[in-house]
Amino acid sequence: MRIGINGFEAVVPRFGYDSKGFPSRVGSSEVCFQWLTELEKIDKKNLYTIYLPVEPTSDMPKARDGWRYNILPKKPLWTIFALSSAICKQKFDVFFSPTHYSPLFAPCPQVISILDLSYKYFPELFKKKDLFQLNLWGGYSVRRARKIVTISQSSKDDIIKEYKVSEDKIGVVYPGLKFEIRNPKLEINSKIKMRNSRVIKEKYGIDSPYILFVGTLQPRKNIVRLVEAFSKLNPKAIGKNMKLVIIGRRGWKFDEIFTAPSKFGVSDSVFFLENVTDDDLGVFYEGAELFVLPSLYEGFGLPILEAMKYGCPVAASNVSSLPEAGGDAAIYFDSQDVLDMAEKIEKVLSDKKLRDDMIKKGHEQVKKFSWEKSAREVLGVLEQVGK
């Protein structure tokens, strides 16, 4: 079977580059990259052509017989003008776009992926240009697609509700984890703990216990309410030296996020870190007292599983797909209720037995997810549509 794929998301650096010179991949970029990486590993039978606007980065799968790249010069609306014309005369059995946007024309059935519909529920959080494109082109792509892949049952329900498509048209494929699963809070030795603490202190100036958030700095992540909830925590319950560490690149409409610590009187206790390597991110997860994801809406919530993988207990909002990601291993709060958020954070930080139980359950929860399994399910969808 001949499979064409739009690889745009895997190589375009929406949030700049990491310390190794690779695109800083989050959200749809990370999902696209991981699916491509695993598809190349698991499938030597089908013939793939991956369309890119630039040369593949060195961490992408190497070209081989059955796996080739076609570079189309980058231009505005690349998928519409460059990709559509390039594939219209090709003889593919199926064309896959791991993004909301499909080409205008394709000579075969199409599959697209939609991670979430946050633009439908929180339009005020998006730039007008992006919102217009998501609604117009995204809606067109949904209608054109033979099949839609999404990453949670919650997102599937939203797509059915908003686009009035049949349940059979949508397949749920859970994402995987970026790193090897381990549970250092149960197994890590004292020397490694000391080394990790030294890394965090020497490189980032943090030498106190901390609560951790990881994600793009944008309104949907609800970071302002997290800072407010942090300001309401009782020092007697959590310790007077507790810090809040916020790791993530700037997305959009982030000014209010940076002014929040001053507004709520906790400027000296909140750290914003932008350029954290994957290796150091693991160190931060390992060292955190608690990971908090207070989002208003998520397509899935991968950081929940990343935190659990490193033996870090998790508190998250009880919205959209987050209970699917965290299962019974996390504790949940109302994303709009600052006092509820603060109460749940205090509850975990002040109860060692609860924390230990959450860590053990988290270790079991992450075993349910892998990128190889995710890619095999995507391949199943592609082969079904391309028959």
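Residues numbered from 1 in each chain as written. Predicted model: local features only at pLDDT ≥ 70, side-chain atom pairs only at ≥ 80, totals over all residues. Heavy atoms only, no water.

**Q** How should I be thinking about the packing of helix H2 (residues 28-42) against helix H17 (residues 371-386) in this particular structure?
**A** Axis angle and axis distance: for two packed helices, these are the angle between their axes and the distance between the axes, and together they describe the pair. For the pair H2 and H17, the least separation of the axes is 8 Å and the interaxial angle reads 80°. Looking at the two axes, H2 sits roughly perpendicular to H17. Between H2 and H17, the residues in contact are Val31, Gln34, Trp35, Glu38, Leu39 and Ile42 and Trp371, Glu372, Ser374, Ala375, Arg376, Val378 and Leu379, respectively. Looking at the contact of H2 with H17, its residues break down into 8 nonpolar, 2 polar and 3 charged. (Axes fitted to C-alpha atoms, helices over the stretch in contact; angles between N-to-C directions. Helix = DSSP H or I, 4+ residues; strand = E, 2+ residues; numbered from the N terminus. Parallel < 35°, antiparallel > 145°, perpendicular 65-115°, else oblique. Contact = heavy atoms within 4.5 Å. Nonpolar A, V, L, I, M, F, W, Y, C, P; charged D, E, K, R; others polar.)

**Q** Honestly, the side chain of Glu346 in this entry has me stumped. Any pointers?
**A** Residue placement: Glu346 occurs in helix H15 (residues 338-349). In this structure, Glu346 is in contact with Lys232, Leu233, Asn234, Ala237 and Ile238, ignoring residues within four places of it in sequence.

**Q** Is there a simple way to think about helix H13 (residues 302-309) in this case?
**A** Note on helix geometry: an α-helix contains 3.6 residues per turn, so any two residues three or four positions apart are oriented the same way. Of all 8 residues making up H13, 8 are buried, and the element is well covered by its neighbours. Buried within H13 are the following residues: Leu302, Pro303, Ile304, Leu305, Glu306, Ala307, Met308 and Lys309. Trailing H13 by a residue or two, Gly311 shows a phi angle of about 75°, which is positive. (Buried < 20%, exposed > 50% of the residue type's maximum accessible area, 1.4 Å probe, protein only.)

**Q** Where do I start with the sheet that holds strand E12 (residues 314-317) in this structure?
**A** Pairing between sheet strands relies on hydrogen bonds along the backbone, with the strands arranged either parallel or antiparallel. Taken together, 6 strands build an open sheet; the order of strands is E10-E9-E8-E11-E12-E13 and the sheet is parallel. Two strands lie at the open edges of the sheet, namely strand E10 (270-273) and strand E13 (331-333), each paired on one side alone. Within the sheet, the average angular offset between the axes of one strand and its neighbour, ignoring direction, is 25°. Relative to strand E11 (residues 290-293), strand E8 (residues 210-214) runs parallel, the two sharing 2 bridges. Considered in E11, the bridge of Leu212 is made with Phe291. Where helix H12 (residues 278-287) meets the sheet, its contacts fall on E8, strand E9 (243-247), E10 and E11, and the angle it forms with E8 comes to roughly 135°. (Pairing = 2+ DSSP bridges.)

**Q** Quick question: what am I supposed to make of the packing of aromatic side chains here?
**A** The geometry of an aromatic ring pair is captured by two quantities: the separation of the ring centres and the angle between the planes. Summed over the entire model, instances satisfying the criterion amount to 19 aromatic pairs. Taking the centre distance of 4.8 Å and the plane angle of 55° together, the rings of Phe258 and Phe272 count as tilted. Taken as a pair, Phe258 in helix H11 (residues 255-263) and Phe272 in strand E10 lie far apart in primary sequence, 14 residues in all. You can call Phe258 partly exposed: its relative accessible area is 28%. An aromatic cluster is present here, built from Tyr51, Phe92 and Phe95 joined pairwise through their rings. Stacked on the ring of Phe33, the Lys or Arg Arg25 has its end atom at 3.8 Å from the ring centre. (Phe/Tyr/Trp six-rings, centres within 6.5 Å; stacked < 30°, edge-to-face > 60°. Lys NZ or Arg CZ within 6 Å of the ring centre and 35° of its normal.)

**Q** In this structure, what is going on with the pattern of salt bridges? I would like to understand it.
**A** Should the charged atoms of two oppositely charged side chains come close, the side chains can pair. Here the structure, examined in full by the defined rule, presents 17 salt bridges. Lys156 serves as the salt-bridge partner of Glu167, at 3.9 Å between the closest nitrogen and oxygen. Pair noted here: Glu167 is in the loop between helix H6 (153-163) and strand E7 (170-172) and Lys156 is in helix H6, with a separation of 11 residues, a long-range link. Between Lys352 and Asp356 there is a salt bridge, with its nearest N and O atoms 2.8 Å apart. Here Asp356 and Lys352 lie together in helix H16 (residues 352-366), a separation of 4 residues that amounts to about one turn. By relative accessible area, Lys352 is classed as exposed at 61%. By relative accessible area, Asp356 is classed as partly exposed at 30%. Several salt bridges converge on common partners, so that one network encompasses Glu40, Lys44 and Arg64. (Salt bridge = Lys/Arg side-chain N within 4 Å of Asp/Glu carboxyl O.)

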